[in-house]
Amino acid sequence: MGFNVAADAYDRFMGRYSEPLASEFARLAGVRRGHRALDVGCGPGALTARLVEILGPDHVAAVDPSPQFVRAARSRLSNVDVRSGEAEGLPFPDDCFDVTLAQLVVHFMKDPVKGLRQMGRVTRNGGVVAACVWDHSGGRGPLSVFWQAAHQMDPLAPAEGHLAGAREGRLTELFKVAGLRDCEQDQMTVRVEFESFTDWWEPFTLGVGPAGDYVGQLDTKGRRRLRAACADLLPVDLFSIEATAWAVVGSA
């Protein structure tokens, strides 16, 4: 899957959404001064940076399997403990965090239940475990227009609605199977402005995630057709995209 990319490419593709989402997610999870927090699947560090603003660098750790993202997060947040590792095998001891969060990560875990169990393991008893996933299944994610255009052009094109946690209630089910308690579902919505259609389209050509993989496998003619199909669904100039994520907050 297309996450073996430069951190800058990811930021241009998803960072515009994940930055504002991070503030909402930290608030929903009840992060407050004095907590020790872990950001699982930190990417280039959007949520990590917000946690540092609230808690300070000494109270924040982060982990990601991508070497590029780990380097970017370490460069951005030099005083934070950023480690290389996967959610399914977190490189931290038991019971060492008050809050463990995974922003836009569960649906890309190799084994979501195992990853959530690991998040519970490293969180103290009664501590908070929280995760969020875009509502791809409900057509309210940031990439909904893209996939709508792709399916108009090719009904067999892939999508992301089938991914773990991407439909209402599914993330809660995964939390419960993982043994997490007191699970409550909520949703968060962010709005991102684009200066033009080109500003919106260009990040899809950078090879990030399933959408970037799909664009990358098209020939030149196919890309032009897909771009035109997307352009038919969006304004030419200044417009905004609203994106909604499902979130679940539970207890270890």
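Here's what I pulled together on the structure shown here. Values in this document were obtained by computation on a predicted structure and should not be read as measured data. (Residues numbered from 1 in each chain as written. Predicted model: local features only at pLDDT ≥ 70, side-chain atom pairs only at ≥ 80, totals over all residues. Heavy atoms only, no water.)

## Points about the overall build of the protein chain
- Secondary structure summary: the protein chain contains nine helices and seven strands in total.
- By principal-axis analysis of the C-alpha atoms, the protein chain measures approximately 55 × 35 × 30 Å.
- Relative to its 252 residues, the protein chain shows a buried fraction of 56%.
- Partitioning the intrachain contacts of the protein chain with sequence separation of at least 6 by distance along the chain shows that 77% fall at a separation of at least 24.
- Each charge sign in the protein chain was given a centre, from 27 positive and 32 negative side chains, and these centres are 3 Å apart. (Helix = DSSP H or I, 4+ residues; strand = E, 2+ residues; numbered from the N terminus. Buried < 20%, exposed > 50% of the residue type's maximum accessible area, 1.4 Å probe, protein only. Contact = heavy atoms within 4.5 Å. Lys, Arg positive; Asp, Glu negative; His and termini not counted. Charge placed at Lys NZ, Arg CZ, Asp CG, Glu CD.)

## Points about helix α9 (residues 220-231)
- Between its terminal C-alpha atoms α9 stretches 16 Å, which fits the 16 Å expected from twelve residues at 1.5 Å a residue.
- Listed as buried for α9 are G222, L226, A229 and C230. The buried residues of α9 occupy an angular sector of 100 degrees when the element is viewed end-on, so they sit on one face. In α9, the exposed positions angled more than 90 degrees off the buried face are occupied by T220, K221 and R224. (Expected span 1.5 Å × (residues − 1). Arc of directions from axis to C-beta.)

## Describing the environment of F108
- Mapping F108 onto the fold places it in the loop between β4 (97-103) and α4 (112-121).
- The sequence separation of F108 and A7 amounts to 101 residues, and the corresponding C-alpha distance is 17 Å.

## Things to note about helix α5 (residues 144-153)
- What α5 keeps buried is the set V145, F146, W147, A149, A150 and M153.
- Turning to α5, the residues buried within the fold contact α7 (197-201), α8 (209-217) and α9.

## Focus on the packing of aromatic side chains
- All chains considered together, the criterion is met by 13 aromatic pairs.
- Here the basic side chain of R140 rests over the ring of W246, its NZ or CZ set 5.2 Å away from the ring centre. (Phe/Tyr/Trp six-rings, centres within 6.5 Å; stacked < 30°, edge-to-face > 60°. Lys NZ or Arg CZ within 6 Å of the ring centre and 35° of its normal.)

## So, the side chain of H35
- Note on placement: H35 falls in the loop between α1 (7-28) and β1 (37-40).
- Setting aside its immediate chain neighbours within four residues, H35 contacts G30, L55, H59, D98 and V99.

## Quick notes on the packing of α1 against helix α2 (residues 46-55)
- Where α1 contacts α2, the axes come no closer than 8 Å and their chain directions differ by 45 degrees. Taken together, α1 and α2 sit at an angle that is classed as oblique. Pair α1 / α2 crosses with right-handed handedness. Every residue of α2 that contacts α1 at S18, E19, A22, S23, F25 and A26 is listed here: A46, L47, R50 and I54.
- For the contact of α1 with α2, the residue count by class is six nonpolar, two polar and two charged. (Axes fitted to C-alpha atoms, helices over the stretch in contact; angles between N-to-C directions. Parallel < 35°, antiparallel > 145°, perpendicular 65-115°, else oblique. Left-handed = near helix turned anticlockwise from the far one by under 90°. Nonpolar A, V, L, I, M, F, W, Y, C, P; charged D, E, K, R; others polar.)

## A look at the environment of M14
- Following the sequence through the fold, M14 ends up in helix α1.
- The class for M14 is buried, based on a relative accessible area of 6%.
- The residues contacting M14, other than those within four sequence positions of it, are L104, W134, P142 and L143.

## Description of unusual backbone geometry
- The backbone of L104 shows a phi angle near 60 degrees, a positive value even though the residue is not glycine.
- For L104, the location among the structural elements is in the loop between β4 and α4.

## Comments concerning the nonpolar core
- With 67 residues, the main nonpolar core has Y17, L101, F146, W200 and L226 as its most contacted residues.
- Here this core gets ten residues from one element, more than from any other, and that element is α1.
- Setting aside anything within four residues of it in sequence, one finds L101 in contact with F25, A29, V31, A37, L38, D39, V40, L47, L51, M119 and A130.
- Of all hydrophobic cores here, the second largest spans 30 residues; its members include L90, F92, A102 and V248. (Core = buried A, V, L, I, M, F, W, Y, C linked by side-chain atoms within 4.5 Å.)

## Let's talk about the pairing of β4
- Of all seven residues in β4, seven are buried; the element is thus mostly enclosed.
- The pairing of β1 with β4 spans three bridges and is parallel. Residue D39 lies in a different strand from β4, and its bridge partner there is L101.
- Relative to strand β5 (residues 123-134), β4 runs parallel, the two sharing six bridges. Within β5, the residue paired with Q103 across the bridge is C132.
- Regarding topology, α4 serves as the crossover connection from β4 to the parallel β5, and that connection is right-handed. (Pairing = 2+ DSSP bridges. Right-handed = clockwise from strand over helix to strand, strands pointing away.)

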